[in-house]
Amino acid sequence: ALARGELLIPIVKGWCTEQATQLASVSVQIHGGMGFIEETGAAQTLRDARITSIYEGTTGIQANDLLGRKLQRDQGAAMAALLGEWLGELEGSAAGDPIVAAVRDAAIEAVAALRDATDSLLRQLATTPPRAYAVAVPYLQLCGRVSGGVLMARAAAIAAARLRPGDPNALAAAPAAAAAAGADAGFYRGKLQTARFYAQQLLPQCLGLLRVIQSGGASVTDAEPELIRSR
């Protein structure tokens, strides 16, 4: 339990605070000029969110902690245990609803990407540590994105079961029929919609992060700082 908690702490802190900044920035964009000034309060929310990725350990520090103190310490054993549990849960879950099945399959693909990224980083840590640390933040972001995908798959399965017990088409059911789930039917249908969006628009980004982790470190470690000048 201690190893699991220590592994997750930098992921939760780093990924959630970075997401908070991104979401607050989108809210400013949605409000347009009124969001940029103080009329709506969105700009204040963005300022408040931005500091969270700085204090109590910046995202870069959290990412370095994840690699050096957590991943390398036990040669990935804690991460392997977590990934194994996730895959076991996902592959063993029933998914009669097509949306639930799609979310589950996307989550399985994302977990596989994280497993490949972890294996790549362990090799880099053993041979060229600077290259591994050069992609520490993308790795942290991948861990967070995949964690969210697994939780979304779990939520989608629960929502479908609560909406229409035994019905293989919970999301496709008409709203009137879904009323059988009671006052919470709208909540559960919303969970399914959110999970579908996450699986189709956010989890595919895991493949790009995997590519960065596998081969992006050298572009940092091989760079010649003296060639980078302000012009």
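None of the values given here were measured: they were computed from a predicted structure. (Residues numbered from 1 in each chain as written. Predicted model: local features only at pLDDT ≥ 70, side-chain atom pairs only at ≥ 80, totals over all residues. Heavy atoms only, no water.)

A.B. asks: Go over the overall build of the protein, please, and point to the residues and values.
C.D. replies: Across its full length, the protein holds twelve helices and zero strands. Along the chain direction, N to C, the helices and strands of the protein fall in the order α-α-α-α-α-α-α-α-α-α-α-α. Taken over 231 residues, the protein has a buried fraction of 39%. Partitioning the contacts of the protein with sequence separation of at least 6, the portion at a separation of at least 24 is 76%. Taken as two groups, the 21 positive and 21 negative side-chain charges of the protein have centres that lie 1 Å from each other. (Helix = DSSP H or I, 4+ residues; strand = E, 2+ residues; numbered from the N terminus. Buried < 20%, exposed > 50% of the residue type's maximum accessible area, 1.4 Å probe, protein only. Contact = heavy atoms within 4.5 Å. Lys, Arg positive; Asp, Glu negative; His and termini not counted. Charge placed at Lys NZ, Arg CZ, Asp CG, Glu CD.)

A.B. asks: Tell me what's going on with a nonpolar patch on the surface, and back it up with residues and numbers.
C.D. replies: Together, Met34, Phe36 and Ile37 make up a nonpolar patch on the protein surface, roughly 340 Å² of accessible area in all. Note on placement: Phe36 falls in helix 2 (residues 33–36). (Patch = residues over 30% accessible without salt bridge, like charges linked within 9 Å, V, L, I, M, F, W, Y side chains within 5 Å. Areas by Shrake-Rupley, 256 points an atom, 1.4 Å probe, with all protein chains shown as cover. Salt bridge = Lys/Arg side-chain N within 4 Å of Asp/Glu carboxyl O.)

A.B. asks: Can you explain the pattern of salt bridges? Please cite residues and give values.
C.D. replies: All chains considered together, the criterion is met by eight salt bridges. In this structure, the salt-bridge partner of Arg69 is Asp65, at a minimum N-O distance of 3.6 Å. Placement of both Arg69 and Asp65 in helix 4 (residues 59–71) is noted, with a separation of four residues, approximately one turn of the helix. What you see here is one network of salt bridges that share partners, running through Asp65, Arg69 and Lys70.

A.B. asks: Tell me about the side chain of Gln141, and please be specific about residues and values.
C.D. replies: Checked against the element boundaries, Gln141 lands in helix 8 (residues 136–163). Looking at Gln141, the relative accessible area reads 18%, which means it is buried. With sequence-adjacent residues up to four places away left out, Gln141 is seen in contact with Trp15, Glu18, Gln19 and Leu209.

A.B. asks: Which residues make up helix 10 (residues 185–202), and what values do they have?
C.D. replies: Working note: α-helix, 3.6 residues per turn, so residues spaced by three or four point in the same direction. For helix 10, which comprises 18 residues, the first-to-last C-alpha distance of 25 Å matches the rise-based estimate of 26 Å (1.5 Å per residue) to within 8%. For helix 10, every residue scored as buried is listed here: Ala185, Tyr188, Arg189, Leu192, Ala195, Tyr198 and Ala199. (Expected span 1.5 Å × (residues − 1).)

A.B. asks: A description of the state of the cysteines should follow, citing residues and the corresponding values.
C.D. replies: Such a bond, covalent and formed between the sulfur atoms of two cysteines, is termed a disulfide. In this structure the tally under the stated criterion is zero disulfides. Free of any disulfide, Cys16 has its nearest cysteine sulfur in Cys143, 13 Å distant. Among the residues examined, Cys16 registers a relative accessible area of 42% and is labelled partly exposed. With no disulfide of its own, Cys143 lies 9.8 Å from the sulfur of Cys206, the closest cysteine sulfur. For Cys143, a relative accessible area of 1% gives the class buried. (Disulfide = S-S within 2.5 Å.)

A.B. asks: I'd love a proper account of the nonpolar core, names of residues and values included.
C.D. replies: Counting 51 residues, the largest nonpolar core has Met79, Trp86, Val111, Leu114, Leu121, Tyr139 and Val146 as the members making the most contacts within it. For this core, the secondary-structure elements that each account for two or more residues are helix 1 (2–31), helix 4, helix 5 (77–91), helix 6 (98–127), helix 8, helix 10 and helix 11 (205–215). No other element matches the 13 residues that helix 6 contributes to this core. Beyond its immediate chain neighbours, meaning those up to four positions away, Leu114 contacts Met79, Leu83, Trp86, Tyr139, Leu142, Cys143 and Val146. (Core = buried A, V, L, I, M, F, W, Y, C linked by side-chain atoms within 4.5 Å.)

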